[in-house]
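So the chains spell out like this:
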Amino acid sequence: MKRNRILLICLFLSITASIIGSAAYSDKTNHTVFVPQYQGKQPKNIILLIGDGMGLTQISAGLYSNNNHLNLEQFPITGLIKTNAHKRLITDSGAAATSFACGCKTYNGAIGVNKNKKPCLSILEQASQNGLATGLIASSSITHATPASFIAHVPDRADMEGIAPFFLQTKLDLLIGGGLNYFRKRRSDAINLYQQMQDAGYQMGNYTENKLSSYKPAGDRPFAWFSADEEPESVGNGRDYLPLAAELAGPFLKKRSPKGFFLMLEGSQIDWACHKNNGPYAIQEMLDFDAAIGAILKFAVADGETLVIVTADHETGGMAIKQGSEMDSLIIGFSTEQHTATMVPVFAYGPGAEQFSGIYENTEIFFKMQALFGFPTTSTDPKK
Ligand code: MG
Ligand code: ZN
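Every value quoted in this text rests on a predicted model; they were computed, and no experiment measured them.

Rules used throughout
- Residues numbered from 1 in each chain as written.
- Chains lettered and ligands numbered in written order.
- Predicted model: local features only at pLDDT ≥ 70, side-chain atom pairs only at ≥ 80, totals over all residues.
- Heavy atoms only, no water.
- Donors = N, O, S within 2.8 Å, 3.2 Å for Na, K, Ca; no water.
- Tetrahedral: all angles 85-135°; square planar, octahedral: opposite > 155°, others 65-115°.
- Helix = DSSP H or I, 4+ residues; strand = E, 2+ residues; numbered from the N terminus.
- pLDDT = per-residue confidence, 0-100.
- Contact = heavy atoms within 4.5 Å.
- Salt bridge = Lys/Arg side-chain N within 4 Å of Asp/Glu carboxyl O.
- Axes fitted to C-alpha atoms, helices over the stretch in contact; angles between N-to-C directions.
- Parallel < 35°, antiparallel > 145°, perpendicular 65-115°, else oblique.
- Left-handed = near helix turned anticlockwise from the far one by under 90°.
- Nonpolar A, V, L, I, M, F, W, Y, C, P; charged D, E, K, R; others polar.
- Pairing = 2+ DSSP bridges.
- Buried < 20%, exposed > 50% of the residue type's maximum accessible area, 1.4 Å probe, protein only.

Time to look at the coordination of the zinc ion (ligand 2). Here the zinc ion (ligand 2) is held by the protein donor atoms D271 (OD), D271 (OD), H275 (NE2) and H339 (NE2), which lie 2.0 to 2.3 Å from it. In this structure, the zinc ion (ligand 2) is coordinated by four donor atoms arranged in irregular fashion, with angles at the metal of 58 to 153°. Binding-site remark: the zinc ion (ligand 2) is held by donors from one chain whose sequence spacing is D-x3-H-x63-H. Of this pair, H275 sits in helix α10 (residues 269-275) while H339 is found in strand β12 (residues 339-340), placing the two residues 64 residues apart along the sequence.

Here it is, written out as structure tokens:
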């Protein structure tokens, strides 16, 4: 009896504490988009969102710096992936993105090639060959390791000039990112790939002419917009196109093929911030990526045939939210300037989402997407 009373008092105190707490910040979690009728359905479209370097601490720091909320919270399914590369426990972005793109574990620095440096057919190429529309969007150069691994096949990620011509081999319907110099200005072979894309029917745009917001691509032809000569600015220095690109991508790609589409969008600079051990930069990039996630999720909810997967290639910086932190006022620490081997989360919404719960290898992201699209299985890894 006495014990029950103590329990009641404890309960009362904790309720009081949470009420007092909620006056300071919002503590309601809203799983607004749990849709049981998706169970067992196949998606027509798949959107893969990659937060480069986005571990649980990067997500938590974004959340606690944003009145305790992120769009990520709305995803009904969560999982964890193991990020190791072929031989190295700690992956780079090239090997990790190649695992997502092709389903093979490969060496660090690889772009769309397996451990024997042989080109592997990517999910984006397979989508293109099957008549689906395709898109790549990044807040880095479009030739950078993460987006490049979905379209190019080169043994070394540093070969950005060698990566760019692959954008003419697989004709994307939508390209948004930096790296203009690798397409025209400073190519050592003086080939103007930008002009070639225009000649191939693209509506071309770039930051020197107009902001992304001034383009209204109709969907009657493919669209490419370059956001920088090389690497785009950080969001803190005025970059503002990623959420906008996310907003236009779904409706645009839907118009490009009746068969569906595959889109990869990357929040590229969470990683760069963490390499610099810069907490505020990491938080800004995390929130920018989350805004893009929100725009994609809004499209997917309205569309009803789109699977959205959000994940990371690896964690960067061994980031920690340290003692003395308060809601909306965090003390961030880092344990390294490199990547770490911790598992990273996966979030999924839409038809097929339930397949993304649990703990599995990063290569499984590829195989799950391939199966959900109904594409024939590819044997990209000599061991497979
Ligand atoms: Mg990247
Ligand atoms: Zn990195």
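Turning to its location among the elements, M369 is positioned in helix α12 (residues 363-373). Residues M369 and I309 lie 60 residues apart in sequence; the distance between their C-alpha atoms is 9.5 Å.

Turning our attention to the confidence of the model for the protein. Taken as a whole, the protein shows an average pLDDT of 92; of its residues, 89% reach a score of 70 or greater. In this model, residues 6-23 is a region of pLDDT below 50 whose contacts with residues beyond four sequence positions or in other chains number two contacts.

What follows covers the pattern of salt bridges. Under the counting rule described, the total for this entry stands at nine salt bridges. A salt bridge links D288 to R239; its shortest N-O distance comes to 2.7 Å. With D288 in helix α11 (residues 279-303) and R239 in the loop between β6 (223-226) and α9 (242-256), this residue pair connects regions lying 49 residues apart in the sequence. Among the charged side chains, a network of salt bridges with common partners joins K82, K105 and E361.

Let us look at the packing of α9 against α11. Between α9 and α11, the least distance of the axes is 7 Å, while the angle of their chain directions is 25°. The pairing of α9 with α11 is recorded here as roughly parallel in orientation. Handedness of the α9/α11 crossing: right-handed. Counting all contacts with α9, which are made through L242, P243, A246, E247, G250, P251 and K254, the residues of α11 involved are D288, F289, A291, A292, A295, I296, F299 and D303. Across the contact of α9 with α11, the residue classes tally to ten nonpolar, one polar and four charged.

Turning to the sheet that holds strand β13 (residues 344-349), a few remarks are in order. Spatial strand order, β5-β6-β4-β3-β7-β1-β8-β13-β2-β14: ten strands in an open sheet with mixed pairing. For this open sheet the edge positions go to β5 (203-206) and β14 (358-361), each flanked by a neighbour on one side alone. The sheet shows a mean angle of 15° between the axes of neighbouring strands, taken without regard to direction. The pairing of strand β3 (residues 133-141) with strand β7 (residues 261-267) spans six bridges and is parallel. Counterpart to L136 in the pairing with β7 is M264. Across the sheet, α11 touches β1 (45-51), β7, β8 (306-312) and β13, and the angle it forms with β1 is around 165°.

It is worth spelling out the pairing of β7 at this point. Most of β7 is tucked away, with seven of its seven residues classed as buried. Every second residue of β7 is oriented toward a common face, with F261, L263, L265 and G267 on one face and F262, M264 and E266 on the other, all of them buried. Two elements, β1 and β7, share six bridges in a ladder whose sense is parallel. The residue bridging I47 from the neighbouring strand is L263, located in β7.

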